[in-house]
Each structure stands twice: as structure tokens, then as C-alpha cells.
Amino acid sequence: MSFFKAENISIQFGGVKAVTNVSFEVEEGEVFTIIGPNGAGKTTIFNLISLIYPPTSGRIIFKGQEITGMAPHRVANLGIARTFQNIELFEHATVLQNLLIGRHNHRSTSFLEELLFLPAARRAEIAHREAAEKVVDFLELQHYRDSFVAGLPYGVRKVVELGRALCIGPKLLLLDEPSSGLNPEETDGMAFWIEDIKKDLGVTVLMVEHDMSLVSRVSDRVLALSQGEMLSLGTSREVQSDPKVIEAYLGRPE
């Protein structure tokens, strides 16, 4: 049984076909990366997996359970977390407060228990803070934990968003352009985090990425798309040397 499977997924907006019959499987414990030129349908596939968009056709299966058509808010409860290409943080909250937001799917206390801060609510709050502090330590965010996000460098914000996703306690982590906007040193640091997330936390990673040096470094397998259709699937080296992929990126030679 595959850990995650997209089976002939397609979506169109009006008469525009954004994704057409894309199928792939992600094995537990690997880093699987989707690449392709701008407009290839990479982020659209993430939106399908996140159930932001319902697919026009096809199925999405996670740990043997079909999740196609499931309510989007249930995705996190299943163990799927996501970051976004454009950072989506609460800028006027601290780093720790942003991380705690990632614990929302673990809420087990009632509104009344939280309002009166009864013992069950106190125990839950301690557990959530301990989980968030573990992420702070893992991503080396101790220096920023009480800082407001609005005053942080862009590279640190990207790590904070990664941390918020980790606070969900995911089994499958979707990373949408994790190196977008980062300088080479920060991209190198992001590669370390991805490797550690896989190795130390045992989290499976599904990534969309443009930076081919990062793709080559961390990916176990790569899927190349063009205009919403599959071009090539294999190791990073195999995909990058595929003539169809070279043509999609560079154009047909004269």
C-alpha cells in the first residue's frame, strides 16, 4: 500500500485545463519533488492535495484512505501539513504564538473549559507549549521565539512558517517553494532542515521547487510537469537529463 497516491487527477477552470491525468505515488520516508516551468500546474496540484480545490476527476489517497472530496479542515487532522510560497503568518504575533496556531488540530477541550481555564485546559496548554518549544529547539528559533514576525528577516519568516507546519505533527509535509526568496546561504540552511525533518522526525516530504540545486540535494525522486501534464518521473539526475524536460525548460533547439 502506497503512503500517498494521486491517481489520474485533473482539474479545469472553465475551458482551461490546469492539470490533466497526473498520477504519482509517494513512499513513506522519502522526499518527493515536483518541478516544472511557471504555469506547469505544480501549486495547483498542492491545492488539490490540500483539498482547496476539488479535482474535476481522479482520486487522492492517503495511507489507504481516499480523501478526495473531504472537507479541507480535516486534512490537518489526517496528518497533512502545508507551507505556502507566499508566507502566510500573523505578522503582529510572536514567533511562539504563530507556532501555537499550528496546534489547533490537537484541541481536545471544550469552549467552557478554556473560558474558565479549568485543569483540562491548563494541561492541554502545557502540552501545546511543550510541543511548540520542541519545534523552536529543532529549528534553532530560540533567539526569535518572543519576537514579532513583522520585524523578522524574510529568511527567518520562512523557517517560522516551516515550524508552524511542523507543530501540526504531520506525517506528510507539503513544502511549496521552500527556497523562494532565499539567498544561497539561507537555501543551504533550508536543505539541512528538510534533510533533518526526513531523518530525525521521520516525516515524509512532498515538495514543489524551482531551485534545482536544492532539488538535487534533498530529493529521492522527482516528477517533472509541463502545462499540467506529466513529462518525466525518476531520480533528479534522470529527470534533469530527460530531453522532454530540457525542451520544456529551454525550448526546442533550432
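Parameters at a glance
Residues numbered from 1 in each chain as written. Predicted model: local features only at pLDDT ≥ 70, side-chain atom pairs only at ≥ 80, totals over all residues. Heavy atoms only, no water. Helix = DSSP H or I, 4+ residues; strand = E, 2+ residues; numbered from the N terminus. Buried < 20%, exposed > 50% of the residue type's maximum accessible area, 1.4 Å probe, protein only. Contact = heavy atoms within 4.5 Å. Areas by Shrake-Rupley, 256 points an atom, 1.4 Å probe, with all protein chains shown as cover. Lys, Arg positive; Asp, Glu negative; His and termini not counted. Charge placed at Lys NZ, Arg CZ, Asp CG, Glu CD. Phe/Tyr/Trp six-rings, centres within 6.5 Å; stacked < 30°, edge-to-face > 60°. Lys NZ or Arg CZ within 6 Å of the ring centre and 35° of its normal. Domains from an automatic or database assignment. Buried area = accessible area lost by both parts, 1.4 Å probe. Salt bridge = Lys/Arg side-chain N within 4 Å of Asp/Glu carboxyl O. Polar contact = N/O pair within 3.5 Å; in protein donor to acceptor, adjacent residues only side chain to side chain. Axes fitted to C-alpha atoms, helices over the stretch in contact; angles between N-to-C directions. Parallel < 35°, antiparallel > 145°, perpendicular 65-115°, else oblique. Left-handed = near helix turned anticlockwise from the far one by under 90°. Nonpolar A, V, L, I, M, F, W, Y, C, P; charged D, E, K, R; others polar. Pairing = 2+ DSSP bridges.

Novice: So what's going on with the overall build of the protein chain? Which residues, and what values?
Specialist: When its secondary structure is counted, the protein chain shows 10 helices and 10 strands. Principal axes of the C-alpha set define a box for the protein chain whose edges measure 70 × 40 × 35 Å. Expressed as a percentage of its 254 residues, the buried residues of the protein chain come to 48%. Nonlocal contacts in the protein chain, meaning residues at least 24 apart in sequence, comprise 68% of its contacts between residues at least 6 apart. By element, 52% of the accessible surface of the protein chain is carried by carbon and sulfur atoms, the whole surface being about 12,600 Å². Averaging the locations of the 25 positively and 33 negatively charged side chains of the protein chain gives two centres separated by 6 Å.

Novice: Describe in detail the packing of aromatic side chains, supporting the description with residues and values.
Specialist: For the coordinates displayed, the defined rule picks out five aromatic pairs. For the pair Phe 13 and Tyr 53, a centre-to-centre distance of 5.3 Å together with 75° between the ring planes defines the contact as edge-to-face. On the criterion of sequence distance, the pair formed by Phe 13 in strand S1 (residues 4-13) and Tyr 53 in the loop between helix H1 (42-49) and strand S4 (57-62) is long-range, its members being 40 residues apart. Residue Phe 13 is classed as partly exposed on the basis of its relative accessible area of 40%. The exposure class of Tyr 53 is partly exposed, given its relative accessible area of 28%. Here the aromatic rings of Phe 138 and Trp 193 are separated by 6.2 Å at their centres, their planes lie at 45°, and the arrangement is tilted. Taken together, the residues span a long stretch of sequence, with Phe 138 in helix H5 (residues 119-138) and Trp 193 in helix H7 (residues 184-199) at a distance of 55 residues. Aromatic ring contacts, followed pair by pair, group Phe 4, Phe 24 and Phe 32 into a single cluster. The ring of Phe 192 is capped by Arg 217, whose NZ or CZ atom sits 4.5 Å from the centre of that ring.

Novice: Go over the side chain of Ser 226, please, and point to the residues and values.
Specialist: Mapped onto the secondary structure, Ser 226 falls in strand S9 (residues 221-226). Excluding residues that lie within four positions of it along the chain, Ser 226 makes contacts with Ala 40, Leu 231 and Ala 248.

Novice: Give me the domain arrangement of the protein chain: which residues, what numbers.
Specialist: Partitioning the protein chain into structural domains gives domain 1 (1-79 + 170-254) and domain 2 (91-168). The C-alpha centroid of domain 2 is placed 27 Å from the C-alpha centroid of domain 1. Taken together, the 17 residues of domain 1 in the interface contact 13 residues of domain 2. A combined buried area of about 1,200 Å² lies between domain 1 and domain 2, and 75% of that area is made up of carbon and sulfur atoms. Summed over the three residues of domain 1 that lose the most area to domain 2, namely Ala 76, Pro 170 and Trp 193, the buried surface amounts to 40% of that side. Run the count over domain 1 and domain 2 and you get zero salt bridges. For the pair domain 1 and domain 2, the interface holds two residue pairs in polar contact (both at pLDDT 80 or more). Those elements that place two or more of their residues in the side of domain 1 that touches domain 2 are helix H2 (75-78), strand S7 (172-176) and H7.

Novice: Talk me through the packing of helix H6 (residues 154-167) against H7; I want residue IDs and the actual numbers.
Specialist: Running from N to C, H6 and H7 point in directions that differ by 15°, and their axes come no closer than 11 Å. As summarised for this structure, H6 and H7 are arranged roughly parallel, according to the angle between their axes. You can see that H6 and H7 cross each other, and the crossing is right-handed. The segment H6 lies against H7, with Gly 155, Lys 158, Val 159, Leu 162 and Leu 166 engaging Glu 186, Met 190, Trp 193 and Ile 197. For the contact of H6 with H7, the per-class residue count stands at six nonpolar, one polar and two charged.

Novice: Can you tell me about unusual backbone geometry, naming the residues and giving the values?
Specialist: Even without a glycine there, the phi angle at Asn 8 is positive, about 50°. Judged by its relative accessible area of 40%, Asn 8 is partly exposed. The residue Asn 21 is not glycine, and still its phi comes out positive at about 50°. Among the secondary structure elements, Asn 21 is positioned in strand S2 (residues 16-26). Residue class for Asn 21 comes out partly exposed when judged on its relative accessible area of 46%.

Novice: Report on the environment of Val 95, specifying residues and quantitative values.
Specialist: Assignment of secondary structure puts Val 95 in helix H3 (residues 95-101). Taking the C-alpha atoms as reference points, Val 95 and Leu 141, separated by 46 residues in sequence, lie 8.4 Å from one another. Each residue touching Val 95, except ones within four places of it in the same chain, is listed here: Leu 141, Tyr 144, Arg 145, Ser 147, Val 149, Leu 152 and Val 160.

Novice: Explain the sheet that holds S2 to me, using residue names and the numbers behind them.
Specialist: Ordered by their spatial adjacency, four strands build an open sheet running S2-S1-S4-S5, and the pairing between neighbours is antiparallel. Here the strands that pair on one side only, and so sit at the sheet edges, are S2 and strand S5 (65-66).

Novice: Run through the side chain of Thr 187, naming residues and quoting values.
Specialist: By secondary structure assignment, the location of Thr 187 is in helix H7. Discounting residues that sit within four places of it in the chain, Thr 187 has contacts with Ser 179, Leu 182, Asp 211 and Leu 214.

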